[in-house]
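Architecture at a glance
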Amino acid sequence: MGRLEDMLIRNGVIYHAPDGSSSYIEGSLLSNSLCVRNSSGWVTHRIERSSNGVDLVVRNTSTGLVEMRIAA
């Protein structure tokens, strides 16, 4: 997950705060996707397959909107 994680850090989805708190990527048991959790454990984003079945999309869970598309 190194390449995916690096891209999410550059785009501000994953952060590492100076106080030691950070968000992280985790596999989702309920669906076939990955999720990004903040330091409190809340899911902030979901990483899913796009409608074309090849690319990935990063969806904000609070708004439901796609924030970025990752070409495969």
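Just above, that's the structure.
An account of the accompanying structure is given in this report. For clarity, every value in this text was computed on a predicted model and none was experimentally measured.

1. Brief notes about the environment of Gly-12
Inspection of the secondary structure assignment puts Gly-12 in the loop between α1 (2-10) and β1 (24-27). What makes Gly-12 exposed here is its relative accessible area of 52%. Counting along the chain gives 59 residues from Gly-12 to Ala-71, while the straight-line C-alpha distance between them is 18 Å.

2. Some points on α1
When we look at burial in α1, the residues that qualify are Leu-4, Met-7 and Leu-8. The arc enclosing the buried residues of α1, seen along the axis, measures out at 100 degrees, which places them on a common side. Among the exposed residues of α1, those pointing more than 90 degrees away from its buried face are Arg-3 and Arg-10. Packing partners of the buried residues in α1 comprise β1, β2 (34-37), β3 (43-49), β4 (56-60) and β5 (66-70). Just downstream of α1, Gly-12 is the residue with a positive phi angle, here 80 degrees.

3. Thoughts on the sheet that holds β4
Backbone hydrogen bonds hold the strands of a sheet together, and the pairing may be parallel or antiparallel. Reading across the sheet, the 5 strands line up as β1-β2-β3-β4-β5 and stay open at both edges, with antiparallel pairing between neighbours. The sheet is open, and its two borders are formed by β1 and β5, each paired with just one other strand. Averaged over all pairs of adjacent strands, the angle between strand axes in this sheet comes to 25 degrees, irrespective of strand direction. Two elements, β1 and β2, share 4 bridges in a ladder whose sense is antiparallel. Following the sheet pairing, Glu-26 is matched in β2 by Cys-35. Against the sheet, α1 contacts β1, β2, β3, β4 and β5, and its axis sits at roughly 140 degrees relative to β5.

What counts, and at which threshold
Residues numbered from 1 in each chain as written. Predicted model: local features only at pLDDT ≥ 70, side-chain atom pairs only at ≥ 80, totals over all residues. Heavy atoms only, no water. Helix = DSSP H or I, 4+ residues; strand = E, 2+ residues; numbered from the N terminus. Buried < 20%, exposed > 50% of the residue type's maximum accessible area, 1.4 Å probe, protein only. Arc of directions from axis to C-beta. Contact = heavy atoms within 4.5 Å. Pairing = 2+ DSSP bridges. Axes fitted to C-alpha atoms, helices over the stretch in contact; angles between N-to-C directions.

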